[in-house]
Structure formats: structure tokens, C-alpha cells
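# Geometric and topological summary
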Amino acid sequence: MRKLGLGFDWVDDKWSKSNKAFGVGVLTSRLIAIIQREGRDECIIPTTPPVKIASRSATVPLGTSTPDLEKLEEKYSDDAKQIRKTAMKLLKQRESEGKGSLAAECQPWQRPEVRELVTKRVEVYTAVDVGDGKECIWWPGRVMGVHKEDRQEVLIEWDPLEDVAGWEFGGRAVQKLKNSLWRKDKEGAWRMEYVDTGAGEDSDDDQDDENSV
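Residues numbered from 1 in each chain as written. Predicted model: local features only at pLDDT ≥ 70, side-chain atom pairs only at ≥ 80, totals over all residues. Heavy atoms only, no water.

### Notes on the overall build of the protein chain
Short version of the rule: Secondary structure elements follow DSSP: runs of H or I no shorter than four residues count as helices, runs of E no shorter than two count as strands, and numbering proceeds from the N terminus. Every residue pair with non-hydrogen atoms within 4.5 Å of one another is taken to be in contact.
A count of helical and extended segments in the protein chain gives 4 helices and 7 strands. Counting from the amino terminus, the protein chain carries its helices and strands in the arrangement β-β-α-α-α-β-β-β-β-β-α. For the protein chain, long-range pairs separated by at least 24 residues make up 50% of all intrachain contacts whose partners lie at least 6 apart in sequence.

### Some remarks on the nonpolar core
Rule in force here: To form a nonpolar core, buried Ala, Val, Leu, Ile, Met, Phe, Trp, Tyr and Cys residues must be joined to one another through side-chain atoms within 4.5 Å. Each residue gets one of three labels from its accessible area relative to the maximum for its type: buried under 20%, exposed over 50%, partly exposed in between, using a 1.4 Å probe on protein chains only.
With 18 residues, the main nonpolar core has L117, I156 and W190 as its most contacted residues. At the level of secondary structure, the elements contributing two or more residues to this core comprise strand 3 (121-129), strand 4 (134-148), strand 5 (153-158) and strand 7 (190-192). Excluding anything up to four places from it in sequence, I156 contacts V122, V124, G141, R142, V143, M144, G171, R172, A173 and Q175.

### A word on the sheet that holds strand 3
Note the threshold: Any two strands with at least two DSSP bridges between them are considered paired. Axis definition: a line fit to C-alpha positions, over the contact stretch in the case of helices; interaxial angles, taken between N-to-C directions, run 0 to 180 degrees.
Sheet architecture is open: 5 strands sit in the order 6-5-4-3-7, paired in antiparallel fashion. Pairing within the sheet leaves two strands with one partner each, and these edge strands are strand 6 (171-176) and strand 7. Recorded for the sheet is a direction-independent mean angle of 45° between the axes of neighbouring strands. Here strand 3 runs beside strand 4; their pairing, made up of 9 bridges, is antiparallel. Bridge pairing links D129 to K134 in strand 4.

### Considering the packing of aromatic side chains
Where we set the bar: Stacked, tilted and edge-to-face are the three classes applied to pairs of Phe, Tyr and Trp rings, where Trp contributes its six-membered ring and a pair requires centres within 6.5 Å; stacked means planes under 30 degrees apart, edge-to-face means over 60, and tilted covers the rest. Look at NZ for Lys and CZ for Arg. If either is within 6 Å of the ring centre and within 35 degrees of the ring normal, a charge sits over the ring.
Scanning the entire structure with this criterion turns up 4 aromatic pairs. Each ring, one from W182 and one from W190, has its centre 4.8 Å from the other, and the planes form 55°; the classification is tilted. Neither residue differs from the other here; W182 and W190 are each classed as buried. Put simply, the rings of W139, W158 and W167 pair up and form one aromatic cluster. The aromatic ring of W138 is capped on one face by R191, whose charged end is 3.8 Å from the ring centroid.

### Notes on the side chain of R30
Within the element layout of this structure, R30 appears in helix 1 (residues 24-41). Owing to a relative accessible area of 16%, R30 belongs among the buried residues under this scheme. Those residues in contact with R30, other than ones at most four positions away along the chain, are D12, D13, K14 and F22.

### A look at the pattern of salt bridges
Applied cut-off: The salt bridge criterion pairs a side-chain nitrogen of Lys or Arg with a carboxyl oxygen of Asp or Glu, the two atoms within 4 Å.
The tally for this structure, following the rule as stated, stands at 8 salt bridges. Between D129 and K134 there is a salt bridge, with its nearest N and O atoms 2.8 Å apart. Owing to a relative accessible area of 46%, D129 belongs among the partly exposed residues under this scheme. Note on K134: relative accessible area 59%, which makes it exposed. A salt bridge links R151 to E153; the nearest nitrogen and oxygen atoms lie 3.2 Å apart. Shared partners join several salt bridges into a network, and the residues in it are R121, D159 and E193.

### A word on the confidence of the model for the protein chain
Our working rule: Think of pLDDT as the predictor's per-residue confidence, scored from 0 to 100.
Looking at the protein chain as a whole, its pLDDT mean stands at 78, while 69% of the residues score no less than 70. Here helix 4 (residues 203-212) stands out as the element of the protein chain with the lowest mean pLDDT, 44, in contrast to strand 5, whose mean of 97 is the highest. Long-range and interchain partners of residues 203-213, a stretch whose pLDDT sits below 50, account for 5 contacts in this model, where long-range means more than four residues apart.

### Side note on unusual backbone geometry
Phi is mostly negative for residues that are not glycine, and the peptide bonds are mostly trans. Phi is positive for T119, close to 80°, though the residue is something other than glycine. Looking at where T119 falls in the secondary structure, it is placed in the loop between helix 3 (102-105) and strand 3. One non-glycine residue, Q152, adopts positive backbone phi at about 55°. Its place among the elements puts Q152 in the loop between strand 4 and strand 5.

Rendered as C-alpha cells:
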């Protein structure tokens, strides 16, 4: 998790040496050392996963950096940004083809506690009347407060639903956010609201601009 997910390359994650597994004592002492270094160095958890790209060998600089070296350093930074934009574009393309959901892919892995949701926006997979039957939709709303924390109940200010009688202007209601339904895809499931920021949509345009220079 720390090495691949957070990009902490200094973490020693080997489980064995010469085909002989380390004992519990060795692994425990190593974990304690990692935790102590994290606290001492105030390691910052990144908001996005690290992008692994080919990097230059570490060398000792002699004299001042040349313009060519500075451009090379910038190129590696731009490559990482381009990889993120391309990945986001591919996710959107898969979603348009009915293969997965971008909103589901971009959810936090760890389920937030109900008290942490106050003022945050969530979506609940709710069954609503659609004329001749019911249909489940992801209904967004803002958590206004905790109703009963021990029952995972919150008060939600629901967004308006123009085609649903009684909810044309939105409204407030108590909603149970079951722990077992976090990030699921059945009625009563819930997740954080996903807002499409348009990331990745201009990757082709950027590439065209670079080729035209």
C-alpha cells in the first residue's frame, strides 16, 4: 500500500530472503520503523496515485543546470500529466460503451463514517416511480446532519427530481447509509457524489497543439 499506492519508494516491503520467509518479529520491527519514519518526516499522503514512468539515472550534478537539463526535467513532469489525462479519457470511453462506471471507479476505497459526511454530497441508489413502475437512479443530495449515528442515519437535503411527483423541488428526509451498501450497485447503496471535471477531454487537443509547434 505505502510503496505502490502512496509512492513511498523507501519502504522495504520484502517478505523473504534467499527463499526463507522473515519471521513475525522481523516484520513487526520493520513496520514500527516505517511508522516512526512517517511521523518523523511528516510524510504527506498524495491525493492521487503515483504515475510510474521511466526515469533518468540519479547522477551528481557538476556545475549549474543547463537549459537542456531543465527541459528534460519538465518533460518527465509533463509525461506524468499526460498519462493521467489519457487514463481518464479511456475510463470515460469505457463508460460510454457500458463497461463500468467512472463515478464508481473514482470513489474513495475506505468508507467514510457518517459524522464525516456532514456538509458533504452523497448519492443514494434509490427506487423512484416512473409512471408504470419503479426505476433505480443515483439520487444526489447534501448531508445536513447526523440523525442517529449508531444506526448510520443522516438527514439529507435531496436535489430536485423534475419527473418524480413530490420531489420536483427537492426536500429533506432521513436516510440510512448502511455500511454493507457502501459502493454497491443495488437499491439502498450509497457513495460520494462524483463531479466530472472534464479531465482528459482535451488530451487530443493538447497533442495536436504540440505537433503543430
